[in-house]
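# Observations on the model geometry
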Amino acid sequence: MSDTNGPGALLKRIRVWLVVFIVCLVLSGATAFPLVTELRLADEALSSWAAPVGDAFPVLAEWLARVRGGVEGADAHAPYLLYGTDWLAFAHLVIAVAFYGPYRDPVRNIWVIEFGMIACAGIVPLALICGPIRDIPFWWSVIDMSFGVFGILPLLVVRRLVKRLEAAQAGPELTSTAFRTSSP
């Protein structure tokens, strides 16, 4: 009979959550590289096979066309501006690599989980402050903020599981240490 709350089971659950989080970070970062192509495909989709979506959300279709025009213009006349999205992608990939530490040893590297939680929480004020400065529609800022909300949820679960793992690993040691210190 296996122990579903034992250290081995906790470690497995932690690792599954971390793999999901890492994959999402990598995918989120990787999509920042082919930005021009992605915007072209998305904009064309809204006027062809995904036209019902564009019809249902005309503001989305207009925004996507506006963004596509801006990014294509930047790509044609000032491609160095898109270098910023390359750095955005790189940052996602680097942060994903940092989560290998908690994958290997979650108790020792819980600080990486907490760092990720802080970063997720920081998305909200960033979107609320920079969105209006950059003339981003509020509804799009809400979408951006959702990355922080959805990102922090698995990290909260992982942190809770790591704390349980830490307690499970420390349990016998604390008992034997307490016994030794109370003995004459």
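This text follows the structure it describes.
Before going into details, it helps to say that this report is about the structure given with it. (Residues numbered from 1 in each chain as written. Predicted model: local features only at pLDDT ≥ 70, side-chain atom pairs only at ≥ 80, totals over all residues. Heavy atoms only, no water.)

### Considering the overall build of the chain
Secondary structure assignment for the chain yields 8 helices and 0 strands. Along the chain, helices and strands appear, N-terminal first, in the series α-α-α-α-α-α-α-α. Its C-alpha atoms give the chain a radius of gyration of 22 Å, more than 25% over the compact-globule value 16 Å for 184 residues. Principal-axis analysis of the C-alpha atoms places the extent of the chain at approximately 80 × 35 × 25 Å. By residue count, 28% of the 184 residues in the chain fall in the buried class. Of all intrachain contacts in the chain linking residues separated by at least 6 positions in sequence, the fraction that spans at least 24 positions is 74%. Of the roughly 11900 Å² of accessible surface on the chain, a fraction of 71% belongs to carbon and sulfur atoms. Between the averaged position of the 14 positive side-chain charges in the chain and that of its 15 negative side-chain charges there is a distance of 14 Å. (Helix = DSSP H or I, 4+ residues; strand = E, 2+ residues; numbered from the N terminus. Rg over C-alpha atoms; globule rule 2.2 N^0.38 Å. Buried < 20%, exposed > 50% of the residue type's maximum accessible area, 1.4 Å probe, protein only. Contact = heavy atoms within 4.5 Å. Areas by Shrake-Rupley, 256 points an atom, 1.4 Å probe, with all protein chains shown as cover. Lys, Arg positive; Asp, Glu negative; His and termini not counted. Charge placed at Lys NZ, Arg CZ, Asp CG, Glu CD.)

### Things to note about the environment of N5
Within the secondary structure layout, N5 lies in the segment before α1 (7-30). In this structure the C-alpha to C-alpha distance between N5 and L165, which are 160 residues apart in sequence, comes to 8.9 Å. In contact with N5, other than residues within four places in its own chain, are L10, R13 and R164.

### Side note on the packing of helix α2 (residues 35-46) against helix α4 (residues 58-77)
The geometry of α2 relative to α4 is characterised by a closest axis approach of 9 Å and an angle of 145° between their N-to-C directions. Where α2 crosses over α4, the handedness of that crossing is left-handed. Within the contact between the two elements, α2 uses L35, V36, L39, R40, A42, D43, E44 and L46 and α4 uses A61, L64, A65, V67, R68, V71, E72 and D75. Taken together, the residues of the contact of α2 with α4 break down into 10 nonpolar, no polar and 6 charged. (Axes fitted to C-alpha atoms, helices over the stretch in contact; angles between N-to-C directions. Left-handed = near helix turned anticlockwise from the far one by under 90°. Nonpolar A, V, L, I, M, F, W, Y, C, P; charged D, E, K, R; others polar.)

### Observations regarding the nonpolar core
Judged by nonpolar contacts, the single largest core of 20 residues is most densely connected at I14, L18, F99, I113, L155 and V158. Broken down by secondary-structure element, the contributors of at least two residues to this core are α1, α7 (110-133) and α8 (138-182). Residue contributions to this core peak at 7 residues, all from α8. Dropping the residues within four chain positions of it, V158 is found in contact with I14, W17, L18 and I113. Counting 8 residues, the second largest nonpolar core, distinct from the first, contains L46, A61, L64 and L82. (Core = buried A, V, L, I, M, F, W, Y, C linked by side-chain atoms within 4.5 Å.)

### Focus on α4
For α4, built from 20 residues, the straight-helix expectation of 28 Å at 1.5 Å per residue is met to within 8% by its first-to-last C-alpha distance of 28 Å. Restricting attention to buried positions, one finds in α4 the residues A61, W63, L64, R68, V71 and A74. One face of α4 carries all of its buried residues, which in axial projection span an arc of 160°. Exposed residues pointing more than 90 degrees away from the buried face of α4 are listed as E62, R66, A76 and H77. (Expected span 1.5 Å × (residues − 1). Arc of directions from axis to C-beta.)

### As for the state of the cysteines
Summed over the entire model, instances satisfying the criterion amount to 0 disulfides. The cysteine C24 is free of any disulfide, with C120 supplying the nearest cysteine sulfur at 11 Å. The class of C24 is partly exposed, set by a relative accessible area of 46%. Here C130 stays unpaired: no disulfide links it, and the sulfur of C120, its closest cysteine neighbor, is 17 Å away. (Disulfide = S-S within 2.5 Å.)

### What about the packing of aromatic side chains?
Tallied over the full model, the rule gives 6 aromatic pairs. With centroids separated by 5.5 Å and ring planes inclined at 90°, the aromatic side chains of W87 and F90 adopt a geometry described as edge-to-face. A residue pair is termed a helical-turn pair when its members lie 3 or 4 positions apart in one helix, as W87 and F90 do in helix α5 (residues 83-98) at 3 residues. Judged by its relative accessible area of 46%, W87 falls in the partly exposed class. Among the residues examined, F90 registers a relative accessible area of 43% and is labelled partly exposed. Among the aromatic residues, ring-to-ring pairing joins W63, W139 and W140 into one connected group. It is R15 that lies over the ring of Y103; its NZ or CZ is 4.9 Å from the centre. (Phe/Tyr/Trp six-rings, centres within 6.5 Å; stacked < 30°, edge-to-face > 60°. Lys NZ or Arg CZ within 6 Å of the ring centre and 35° of its normal.)

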